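Here is how the chains run, residue by residue.
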Amino acid sequence: MGGSDQAITTSRVWYPVNLDISGRLCLVVGGGRVAARKISALLLSRAVVRVVSPESCGKVRRLAEEGRVELIERAFRDDDLTGVFLVFAATDIPAVQHRIAEQARQRDVLLNSAENPGLSSFLVPARVRRGDLLLAVSTGGASPALSALLKRKLALQFGPEYALLVQLMAAVRKTVDLGGDHAAGNRMLFHDLLALPILEAIRERDWDGLRMLLHTVLPTGIDGDVLVRQLVDRERSEQ
Ligand SMILES: C[C@@]1(CC(=O)O)c2cc3[nH]c(cc4nc(cc5[nH]c(cc(n2)[C@H]1CCC(=O)O)[C@@](C)(CC(=O)O)[C@@H]5CCC(=O)O)C(CC(=O)O)=C4CCC(=O)O)c(CCC(=O)O)c3CC(=O)O
Ligand SMILES: NC(=O)C1=CN([C@@H]2O[C@H](COP(=O)(O)OP(=O)(O)OC[C@H]3O[C@@H](n4cnc5c(N)ncnc54)[C@H](O)[C@@H]3O)[C@@H](O)[C@H]2O)C=CC1
């Protein structure tokens, strides 16, 4: 947390990515409150989670009892990094954090260091999820509290209707020919669709209104009624 580390992080230009970590081994070192938050997010993305920590909070112990994470109850050892895709250093001991960072660098394992963004090769943004829509906020480590505040604002602004909007757009996209000669026409179609008050119709559950809106822009050959029925079915199945 020293001043020089802060200066390093704010001068870095972080490159954002969405990682597929399903089935990948992710190591979390430490078993406290911060580790528990990182573990929950890893499990949501279906990672294989291994925790190394001599002591752990109730939440981490419960996840281990349920078989959702593997818990190794001892201090970190260098060879814990063998075969690891991502490592999260979430101990409260700076010397251990530095040791993990040094070993991760030697082995080219990507590292998130909870107490020192200067050591991290990646940071975890604050997230809002609406189905396949992911809104992520980062301050490059400058102010996690600000990221969390902006996330709460975004969550109010972008409600659950966006999950259905993304689903609808994806369904239209699946029915058109992508690429090649069609690219320009498709771009126009998607823009035309998004210019319509579709969100309002979804928010009000006005399915007839939505059908009519779709008919105004969808080319013949794409059945708007079928798309709306899929949307309603999915919404009902999720209730
Ligand atoms: C660099 C980074 C590394 C990383 O963890 O990836 C990091 C580092 C540190 N966090 C600290 C503190 C807090 N972090 C939170 C919360 C979150 N922290 C998250 C990410 C990040 N935190 C990365 C940069 C993100 C960015 O770029 O903006 C979020 C967004 C994502 C997540 O963890 O899932 C999650 C939002 C949860 C949500 O969605 O609501 C809270 C609030 C709370 O706990 O309620 C506090 C207390 C308030 C405060 O201090 O601001 C400290 C000081 C520790 C100390 O003082 O001892 C450090 C170390 C340092 O800065 O040196
Ligand atoms: N990145 C973030 O979002 C945040 C980071 N922090 C920082 O993250 C760190 C962890 O915070 P908390 O979870 O609240 O701490 P905590 O004290 O609850 O947990 C620390 C954990 O580290 C484990 N540990 C200690 N030595 C170890 C070793 N040699 N090998 C493996 N595990 C070891 C302990 O058993 C304990 O489970 C702190 O440095 C804190 O300042 C705090 C808040 C948010």
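Up top is the structure these notes are about.
By convention here, each chain's residues receive numbers from 1 onward along its written sequence. Here the convention is simple: chains get letters from A, ligands get numbers from 1, in the order in which they are written. Where local features are concerned, this predicted model is filtered to residues with pLDDT of at least 70; where side-chain atom pairs are given and counted, the filter is 80 or more; whole-chain, interface and lining totals use all residues. Neither water nor hydrogens contribute to the side-chain values; these are computed over all heavy atoms in the structure.

## Things to note about the overall build of the protein
This is how it is decided: Think of it this way: any DSSP run of H or I at least four residues long counts as a helix, any run of E at least two long counts as a strand, and we number them from the N terminus. The reference for a compact globule is 2.2 Å times residues^0.38; the radius of gyration itself is calculated from the C-alpha atoms. With a 1.4 Å probe rolled over the protein chains alone, any residue whose accessible area is under 20% of its type maximum counts as buried; one over 50% counts as exposed, and the rest are partly exposed. Any two residues whose heavy atoms approach within 4.5 Å at even a single point are treated as in contact. We get accessible surface area from the Shrake-Rupley algorithm with a probe of 1.4 Å; when it comes to residues, only the shown protein chains can shield them. The charged-residue count follows a simple rule in which Lys and Arg add positive charge and Asp and Glu add negative charge, with His and chain termini not counted at all. Positions of charges follow a simple convention, taking NZ of Lys, CZ of Arg, CG of Asp or CD of Glu.
Of the regular secondary structure elements, the protein holds 10 helices and 7 strands. Taking 18 Å as the expected radius of gyration for a compact globule of 239 residues, we find that the protein reaches 22 Å, considerably beyond that expectation. Dimensions of the protein, computed from C-alpha atoms along their principal axes, come out at roughly 65 × 40 × 35 Å. By the burial criterion, 38% of the 239 residues in the protein qualify as buried. Residue pairs at least 24 apart in sequence account for 51% of intrachain contacts in the protein once pairs closer than 6 positions are excluded. Here the protein displays about 14,200 Å² of accessible surface, and carbon together with sulfur accounts for 53% of that area. Between the mean site of the 31 positive side-chain charges and the mean site of the 28 negative ones, the protein shows a separation of 4 Å.

## Some remarks on the packing of aromatic side chains
What counts here: Any two of the Phe, Tyr and Trp rings considered here, Trp counted by its six-membered ring, make a pair once their centres fall within 6.5 Å; the pair's planes then place it as stacked at under 30 degrees, edge-to-face at over 60, or tilted in between. Throughout this description, the term charge over a ring refers to an Arg CZ or Lys NZ atom that lies within 6 Å of the ring centre and within 35 degrees of the ring normal.
Scanning the entire structure with this criterion turns up 2 aromatic pairs. Relative to Phe122, the ring of Phe88 lies with its centre 5.4 Å away and its plane at 85°, an arrangement referred to as edge-to-face. Taken together, the positions of Phe88 in strand E4 (residues 86-89) and Phe122 in the loop between strand E5 (110-113) and strand E6 (126-130) put the pair 34 residues apart, joining distant regions of the chain. We note that Phe88, like Phe122, is buried. Just above the ring of Phe85 sits the side chain of Arg24; from NZ or CZ to the centre is 4.2 Å.

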